[in-house]
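One-letter residues, chain by chain:
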Amino acid sequence: MANGPPLSTVTRSLSLLDVLHANQFEGKSFNPEILEETEENFYRGAPPEWLNFHISEQAELDGTGSPFIKRDGYDKLEKQIHKLRKHPGISTVKLFHQPGCGGTTLAMKVLWDFRKTLRSAVLTGSTSDITKVAEEVVHLFTAGSQGDQKTVLLLVNGVHVLEDLQVSIIRAIANQKIVTRMPVVVLLSCIREDADLKSDDVFLQEVLSDSEKNHFNDKKAELNRKYGDKCNRFHGFNIMQSNFSEAYIQEACSVFKTIKETGVQEKTQLAAFLSLLNAYVPDSYLLEAQCLDVFKHANCSHRDISLEDMLDDFSHLIITIQLDGSEKRVRMAHPLIAQCCTELMADAGVTRSDTAKHLLTCLCRDKVPRSLVAFVKYMLTKRRPKQKEFSASDSFSRLILHIQTKEDDSQCVSLLGMATNMFDRNPFFPQALARFHCIVLRDYDQAEMWAKEAKQRDPKKSVVADTLGQVHKNHLKNLRKPAQSGGILALALKAIQAFEDEERLAKDEVGTNVKIKGYFHDSRFFNTRGMFGFLQVCNLVYDLLVRQNPTWRGVLTKKVSLCSALPSLGDRSLLRFNDLIYRLRDAVEKKCAFLDGFLTYSKPNIKEDDPEYISRETSACYRKYVGDSTSSHLKEKGADLIQKLKLKQAGTTTGVLSCLDRECTESDLKEITTLWEEICLHKDPVTAMVNNIFAHIMLRNTGATESGCNHLTAFKQEMYPILTDKPEPHMLALLLHWPTDNEDTCILDLSAMIKRTQDLYKQVYANHFRSRYLRPLFFLGKGQELNRIVHRKVLEESVRQGDWETMHDWSDEKIFQDPSVKERLLKVQGEIREYRLFATVDGKEIEVDANLRNSLWRKRKVSFYLGFTIKGPVAFAIQTETADKKETLSEMDTSKQCGLLKFGACGDEMDARELTKLKPEVNRVDEVQTFRRLPK
């Protein structure tokens, strides 16, 4: 293979990565003043530069300094990275840290120490074009030549791009036909937040261990000898050395305690701005020019004075940073100092809302730098991620919540209103203002006005349109009692129209290009909030109206018409809502059917389930409008049977397939199978036959005594050629025709069946499930006929007494280590080559997807368990088949150590067979969890 360009040339072409060379700074001399300034800035609180590690390393070699301090998580990170270097693919190591406790420094120290054995780099550029990031990572891995491979150790801040990046890297590797036995990249994810940690994760907190205290004390003595009184300004270091002492922080910020006597001068105002930003927005800053603007109305003699001199006695709390010749950035020395200064300002009468308003009027009047706009938006509108159940503390940004609790509601409204007027094109400020009026003040007229303003500013974004629906829904929920039927329906109509408009926008977003930070992207997820909001409104309407008059039950379920019920209802003016009432039941049935499939076939990502209240409220709405109906308005044969099935929520294929998730009893399933058996005599033989067989499978999985399935033979022998244009019958055909060692040869083309199933999945579901993980519905077991088909729920129940999370997190595949699961399932043999997995079936090779991408890096013979999603067969728990015990490798264990990369189980993943052409159309991964921000 021809040699490519040298590494130095390759790295110069990488615009998104800051590459750390193995010989960084070697043989280079520096001005001593630059070295001293760099070290001082770091100890004062500036983020580390690579030069800081070089300075420390040289001092240690010269015997003039002690080693660079490594917090306790260092050894664990180092061991993990060494371990992951033995596994091919893409791996992830996670470092969680609280702000200001050295997380970024520790991560960079790890990169520095691995720079000679790995290709260390930091992702510094925009992640808007994740494909380009992946291409640069692969380019660095090969250093321009596929014959010169070395694993990349890439520092990535946050987790939001991890899975996208992993998928794009695999796509680039396949596209370039790169063969490798080493890991392409180890992603060191540095995450500034608390989290539910796994045993492999590292978490730095605002507390030092005894050994860390000793290291910091020794370093302090060394710095005192070297820098003397300057050490008093080393707040970044001193806060950690004092074990994050509140007393030290208070003393460092004591200058703010004189504000009551001196008043708020320009220097105080600037310090207040920086404090507020740094207290509420991670990594925020002001440009030096913006800081100087604060002083421009002061005495003209200030023009020739440095910013540090202008700040005077506040200057020791503030640091200035300059990156790669860009404009200087100014920020507080430490987040804890910023928080303390903000609190001291408030104690002196300069409230958070005052400071925020002054920041807007002083720095956001003329052309505002993009960075400051982003910081203000984060500060005023960024909510913390929602918990599984809705909480009021999830509703607003941390600053707004603090102003609400420490000041009053009016200040929140005033501040958000000012931002709304100042940034007159941004939809998120009026959206936050609408939500505050709605949730806190319950002033629904004002909330409606601002929600409409937000929608007008961005009329095509469904998540912005959602606010208007939520305002009307909450108004309906909190109507003063007793409310009149006409008032209930009038408000419901407005809410339903808003949610239907949101649903329309969501459908328009699917497959369209959205411009983000200058790049065009496909819509990242399908927004189902409008559909769910519609059902929530229908739930409220039913409860409110039926509570007033039981006659409404018959009207809403279409047992009786509104006209015939008017004498009982006593209000002829209700006729104006006839169109709304007439279509509610059918709309509820349609939307419930969609969400039933959405929740049955998929979930937000490989680790998490959707919040329980979504299925709970969806089912409740279905029972009220559909399950409580009669079939008197249905004329077709078998309609009464269908209605009986609807009472069981099993009137559709997805309804049948979700029976075990709804914990249907054995008697329920017996009745469902009987009803579908009867329906086969009246209508649509394919759908009825498929549902009857699925019902039998569900019944067998409850442990019920075997009962004959009359249509099984007919389906297997006769029905496949005329199957419908939905993927469910094709999935069933695959389940029934997949041969085992004890069965006859399959007469059908399994590869063609898989392709047809995948094609139909794309046509019917892919646009909606694109960002979600596809649940395995069934697994191939050891029995015969229907008895060999094992439902996912049975496996989860079998390990219920163990780790609860095991049943919901399919990313580590621990469930397949359980003896009862192993006993139930059938092992399938196969082979991996060229990033593809082939099952060996009846002497033929059938390509199937893999649940975990990191299973596909190494060519080898394997065995696995075969699961089936709505898209087709997927391999789980892949293990190497070899006589050499040293080579035996469980991909379940590997996935725990490596990045959890989904392959076949991802909602919008392209066909695995497409990798044969080595085209880049491999799937994405979970991106936005559709229900994560749903209101309750």
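Keep in mind that what you see is a predicted model, and the values were worked out from it rather than measured.

1. Some words on the overall build of the protein
When helices and strands are tallied, the protein shows 38 helices and 20 strands. Residues counted as buried form 57% of the 936 residues belonging to the protein. Sequence-distant contacts in the protein: of pairs separated by 6 or more residues, those separated by 24 or more amount to 73%. When the accessible surface of the protein is split by element, carbon and sulfur atoms take 48% of a total near 40,100 Å².

2. A short note on the side chain of H696
Looking at where H696 falls in the secondary structure, it is placed in helix α32 (residues 685-701). What H696 contacts, discounting residues up to four positions off in sequence, is T673, E677, S707, G708, C709 and L786.

3. Thoughts on the pairing of strand β19 (residues 860-869)
When you tally the buried positions in β19, you get nine out of ten residues, the bulk of the element. As paired elements, strand β14 (residues 778-780) and β19 share two bridges and run antiparallel to each other. Counterpart to F779 in the pairing with β19 is G867. Across six bridges, strand β16 (residues 827-833) lies against β19 in antiparallel orientation. The residue of β19 that forms the bridge with Q829 is S863. As defined by bridge partners, β19 adjoins strand β20 (residues 872-880) across seven bridges and the pair is classed as antiparallel. Bridging across to β20, Y865 finds its partner in F876. Hairpin connection, β19 to β20: the antiparallel pair is bridged by two residues.

4. Examining the packing of helix α17 (residues 370-381) against helix α20 (residues 428-441)
Put simply, α17 and α20 touch, their axes get as near as 10 Å, and they point 10° apart. Overall, the two elements α17 and α20 adopt an arrangement that is roughly parallel. Taken together, the residues of α20 that come into contact with α17 (itself represented by V376, K377, L380 and T381) are F428, F429 and A432. Here the residues of the contact of α17 with α20 are counted per class, giving five nonpolar, one polar and one charged.

5. Examining the nonpolar core
In this structure, L188 and F256 are the most contacted members of the largest nonpolar core, which totals 119 residues. If you look at the next biggest cluster of nonpolar residues, it comprises 116 residues, including L569, F594, L675 and I679.

6. Here's the deal with helix α31 (residues 666-679)
For α31, spanning 14 residues, the distance from its first C-alpha to its last is 20 Å, which sits close to the expected 20 Å at 1.5 Å a residue. When α31 is considered as a whole, its buried residues turn out to be D668, L669, I672, T673, L675, W676, E677 and I679. Looking at the buried side of α31, the elements it contacts are α29 (639-647), α30 (653-657) and α32.

7. Overview of unusual backbone geometry
In this model, D283 sits at a positive phi of 65°, which is unusual for a non-glycine residue. By secondary structure assignment, the location of D283 is in the loop between α12 (266-280) and β7 (286-287). Overall, the relative accessible area of 48% leaves D283 in the partly exposed class. In the Ramachandran plot, Q649 falls in the positive-phi region, its phi being about 55° despite a non-glycine side chain. Along the chain, Q649 falls in the loop between α29 and α30.

8. Digging into the sheet that holds strand β8 (residues 318-321)
In a beta sheet, neighbouring strands are held together by backbone hydrogen bonds and run either parallel or antiparallel to one another. The strand order β7-β9-β8 describes an open sheet built from three strands, whose pairing is antiparallel. Edge strands, defined here as strands with exactly one partner in the open sheet, are β7 and β8.

9. Considerations on the state of the cysteines
Here, the word disulfide means a covalent bond between the sulfur atoms of two cysteines. Within this structure, the stated rule accounts for zero disulfides. With no disulfide of its own, C538 lies 5.0 Å from the sulfur of C621, the closest cysteine sulfur. Given a relative accessible area of 1%, C538 falls into the buried group. Here C659 stays free of any disulfide, with the sulfur of C664 as its closest cysteine sulfur at 3.9 Å.

10. Notes on the pairing of strand β9 (residues 329-332)
As judged from the two bridges shared by β7 and β9, these two strands associate in the antiparallel manner. The partner of L287 across the bridge, within β9, is R329. With four bridges connecting them, β8 and β9 associate as antiparallel partners. If you follow I318 over to β9, its bridge partner there is M332.

11. Some remarks on the sheet that holds strand β6 (residues 202-204)
With respect to topology, six strands assemble into an open sheet ordered β1-β3-β4-β5-β2-β6, the strand pairing being mixed. Both outer strands of the open sheet, β1 (17-20) and β6, are each paired with one neighbouring strand and no more. When strand polarity is set aside, the average angle formed by the axes of neighbouring strands in this sheet is 25°. Across four bridges, strand β3 (residues 119-123) lies against strand β4 (residues 152-157) in parallel orientation. From the neighbouring strand, A121 faces β4, where its bridge partner is L154. Of the strands in this sheet, β2 (89-97), β4, β5 (183-191) and β6 touch helix α4 (residues 73-84), which is tilted by about 170° from β2.

12. Quick notes on the packing of aromatic side chains
What describes a pair of aromatic rings is the distance from one ring centre to the other and the angle between the planes of the rings. Inspection of the entire model under this criterion finds 32 aromatic pairs. Relative to Y765, the ring of Y601 lies with its centre 5.4 Å away and its plane at 75°, an arrangement referred to as edge-to-face. You can see Y601 sitting in helix α27 (residues 578-601) and its partner Y765 sitting in helix α35 (residues 750-769), a full 164 residues away along the chain. Y765 matches Y601 in its accessibility class, with the two residues each being buried. Over the ring of F534 we find K591; its NZ or CZ atom is 4.8 Å from the centre of that ring.

13. Structural notes on helix α19 (residues 409-422)
In this model α19 runs 20 Å from its N-terminal to its C-terminal C-alpha over 14 residues, within 8% of the 20 Å that 1.5 Å per residue would give. Every buried residue of α19 is accounted for by C412, L415, L416, G417, A419 and T420. Elements that come into contact with the buried residues of α19 comprise α16 (352-363), α17, α18 (398-406), α20 and α21 (444-457).

14. Quick look at the packing of helix α3 (residues 50-62) against helix α5 (residues 103-113)
With their axes 10 Å apart at the nearest point, α3 and α5 run at an angle of 65° to one another. With respect to α5, the element α3 is oriented roughly perpendicular. Considering how the two elements wind past one another, α3 and α5 form a crossing that is right-handed. In contact with W50, F53, H54 and E57 of α3, α5 contributes T105, M108, K109, L111 and W112. Among the residues forming the contact of α3 with α5, the class breakdown is five nonpolar, two polar and two charged.

15. Regarding the pattern of salt bridges
Inspection of the entire model under this criterion finds 43 salt bridges. One salt bridge connects K648 with D668, and the closest N-O pair in it is separated by 2.9 Å. Highlighted residues: K648 in the loop between α29 and α30 and D668 in helix α31, separated in sequence by 20 residues. For E834, the salt bridge is made with R836, and the minimal N-O distance between the two is 3.9 Å.

16. Thoughts on the confidence of the model for the protein
Here the protein shows a mean pLDDT of 85. Residues at 70 or above account for 85%. The element-level mean pLDDT for the protein is lowest in strand β11 (residues 519-522), coming to 44, with α21 highest at 98. Counted against residues more than four places away or in other chains, residues 512-521, with its pLDDT under 50, gives 18 contacts. Of the regions scoring below 50 in pLDDT, residues 631-635 engages in six contacts with residues more than four places distant in sequence or in other chains.

17. Thoughts on the environment of T673
Secondary-structure assignment places T673 in helix α31. By relative accessible area, T673 is classed as buried at 7%.

18. Re the side chain of T92
In this structure, T92 sits in strand β2. A relative accessible area of 15% means that T92 is categorised as buried.

19. Some points on the environment of D408
By the element assignment, D408 lies in the loop between α18 and α19. Separated by 55 residues in sequence, D408 and S353 have C-alpha atoms that sit 9.8 Å apart. A distance of 2.4 Å separates polar atoms of two side chains, one belonging to D408 and the other to S410.

Conventions adopted
Residues numbered from 1 in each chain as written. Predicted model: local features only at pLDDT ≥ 70, side-chain atom pairs only at ≥ 80, totals over all residues. Heavy atoms only, no water. Helix = DSSP H or I, 4+ residues; strand = E, 2+ residues; numbered from the N terminus. Buried < 20%, exposed > 50% of the residue type's maximum accessible area, 1.4 Å probe, protein only. Contact = heavy atoms within 4.5 Å. Areas by Shrake-Rupley, 256 points an atom, 1.4 Å probe, with all protein chains shown as cover. Pairing = 2+ DSSP bridges. Axes fitted to C-alpha atoms, helices over the stretch in contact; angles between N-to-C directions. Parallel < 35°, antiparallel > 145°, perpendicular 65-115°, else oblique. Nonpolar A, V, L, I, M, F, W, Y, C, P; charged D, E, K, R; others polar. Core = buried A, V, L, I, M, F, W, Y, C linked by side-chain atoms within 4.5 Å. Expected span 1.5 Å × (residues − 1). Disulfide = S-S within 2.5 Å. Phe/Tyr/Trp six-rings, centres within 6.5 Å; stacked < 30°, edge-to-face > 60°. Lys NZ or Arg CZ within 6 Å of the ring centre and 35° of its normal. Left-handed = near helix turned anticlockwise from the far one by under 90°. Salt bridge = Lys/Arg side-chain N within 4 Å of Asp/Glu carboxyl O. pLDDT = per-residue confidence, 0-100. Polar contact = N/O pair within 3.5 Å; in protein donor to acceptor, adjacent residues only side chain to side chain.

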